[in-house]
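Close look at the chain arrangement
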Amino acid sequence: MNFLETAILIFIGSFLLTYLTIPKIIGVVLYKRLMDSPNKRSSHTVQTPSLGGAAFYYTLIMGFFFISSWDTNNQAIHIIPGLTILFIIGLKDDLVVLSPGSKLIAQLVAVSFVVVSNEFTIHSLNGFFNIDEIPYYIYFAIAVFIMITIINSYNLIDGIDGLASIVGIVILIIYTTIFYLTKEYFYALITISLNACLLAFFGYNVSSNKKIFMGDTGSLIVGFIISIMTLKFLALKPSSSTELPFILENIPLIAISILIVPLFDTARVFTIRIANKKSPFSPDRNHTHHVLIDYWGLSHKQASFLIGGFNIIFVMLFIILGSTTKNLLLVITLLVTIIVLSFIFFKYNYNFKTLKQKILFKRKVKAIKKNLSKKRKKSKPKK
């Protein structure tokens, strides 16, 4: 069976398995009363089933079995242990809230299985800012930092309906294309399988009557797979990357462009929290998607598609620039984008109490307008 046939089968199988089993998960969650209850920072107002990410785990595990013939370097043995650890931790966090410290320790253990593999070792940055050889101890520290950052960044953007799915789909499509062009077919098949999961999940996540959240069970798994793909992307050798549509030494900047949404949002909320003398991990409504909903008045779907569309455009821009331009122009473009985004999103007052007051005030104004409209309709003389 060739790659295209395998890819089609793994996509259809993963999609159907996720799509058909999520209703079963919803049924169990409702029966056992394991719903996610809204609080002062939630974007939902009613109890909603969580644990949708459980479907991702067993779909991926089954997927590894069917694509094992493409795993020529036995890398599944480095991925599955970490995947299992994060699934268990995510499941426990969805049922019994864990401290950030406990989750961080579990993540460190999970990523250690991956970074010790030679397949993911970054030996060189191929001349990026004149950096060629990288000592192993520096690689190890950088790799752990990259994976932990991506896992938590993706986890943090899972705050409104559809956003984590759309951003994940965009990122995974890009990595599928990259690994197909570089003939890293095993990794391309993993991204195809997970993308099918997200597409199947998306319909339920934005549904009005069969809604379910992926929860930490899902976001940690998706973030973990994305972090693995990022590490593999950075570890590509010159011999395997001749078909890429951009200069090899631009790979670090292309990777940042692919992950711009979760990375920017995480940097932004951490800065705001620290500026407000709070823990970087303290929950609030300071995320980019909350701004689009609370201040700009967008719906969950509109905000999710807007952010996803920006991600696609930004990556395409960097790929086009990276095909002919070396580091400097790309760095300038990245800095200008960050400055513009910071200006747009930092100009609001993000003090939580003030934000809460503004949201309550808007709701009161809407309620008053609604009551006035009803009174006017009643006061109109009947013909």
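Position numbers for residues start from 1 in each chain and track the written sequence from start to end. This being a predicted model, a pLDDT of at least 70 is required before a residue's local features are given, and a value of 80 or more before pairs of side-chain atoms are given or counted; all residues contribute to the totals for chains, interfaces and linings. Where side-chain values are given, they derive from all heavy atoms of the structure, hydrogens and water being excluded.

Overview of the overall build of the protein chain
Let me state the cut-off plainly: Helix and strand definitions here come from DSSP, where helices need a minimum of 4 consecutive H or I residues and strands a minimum of 2 consecutive E residues; each element is numbered from the N-terminal end. For this measure, only C-alpha atoms enter the radius of gyration; the expected value for a globule follows 2.2 Å times N^0.38, where N is the number of residues. Each residue's exposure class comes from its accessible area (1.4 Å probe, protein chains only) as a fraction of the maximum for that residue type: buried when under 20%, exposed when over 50%, partly exposed otherwise. Contacts are assigned to residue pairs that have any heavy atoms within 4.5 Å of one another. The method behind every accessible area is Shrake-Rupley, applied with a 1.4 Å probe, and residues are considered shielded solely by the protein chains displayed. The sign given to each residue is positive for Lys and Arg and negative for Asp and Glu; His and the chain ends receive no count. For this purpose, a charge sits on NZ of Lys, CZ of Arg, CG of Asp or CD of Glu.
Looking only at helices and strands, the protein chain has 14 helices and 2 strands in total. Compactness check: the protein chain gives a C-alpha radius of gyration of 22 Å against a globular reference of 21 Å for 383 residues, within 12% of the reference. Taking the principal axes of the C-alpha coordinates as reference, the protein chain spans close to 80 × 50 × 45 Å. Out of the 383 residues belonging to the protein chain, those deemed buried represent 52%. Put simply, 75% of the contacts in the protein chain that link residues at least 6 apart link residues at least 24 apart. By element, 67% of the accessible surface of the protein chain is carried by carbon and sulfur atoms, the whole surface being about 19,100 Å². Taking the average location of the 37 positive side-chain charges in the protein chain and that of its 17 negative ones, the two points are 25 Å from each other.

Considerations on the pairing of strand β1 (residues 124-128)
Threshold: What makes two strands pair is DSSP finding at least two bridges between them.
A large share of β1 lies buried, amounting to 4 of its 5 residues. Two strands pair when backbone bridges link them, and β1 and strand β2 (residues 131-133) are joined in this way by 2 bridges, in the antiparallel orientation. Bridge pairing in β2 places Phe128 opposite Ile131. Hairpin connection between β1 and β2: a loop of 2 residues separates the two successive antiparallel strands, and Phe129 in this loop has a positive phi of roughly 50°.

What about the environment of Met1?
Counting through the fold element by element, Met1 comes out in the segment before α1 (3-32). Residue classification places Met1 among the exposed residues on the basis of a relative accessible area of 66%. In contact with Met1, other than residues within four places in its own chain, are Thr6, Leu9 and Trp70.

Digging into the confidence of the model for the protein chain
Let me state the cut-off plainly: What pLDDT reports is the predictor's confidence in each residue, on a scale of 0 through 100.
Per-residue pLDDT for the protein chain averages 87, and the proportion of residues at 70 or more is 90%. For residues 349-353, every residue scores under 50 in pLDDT, and the model assigns this stretch 13 contacts once sequence neighbours within four places are set aside.

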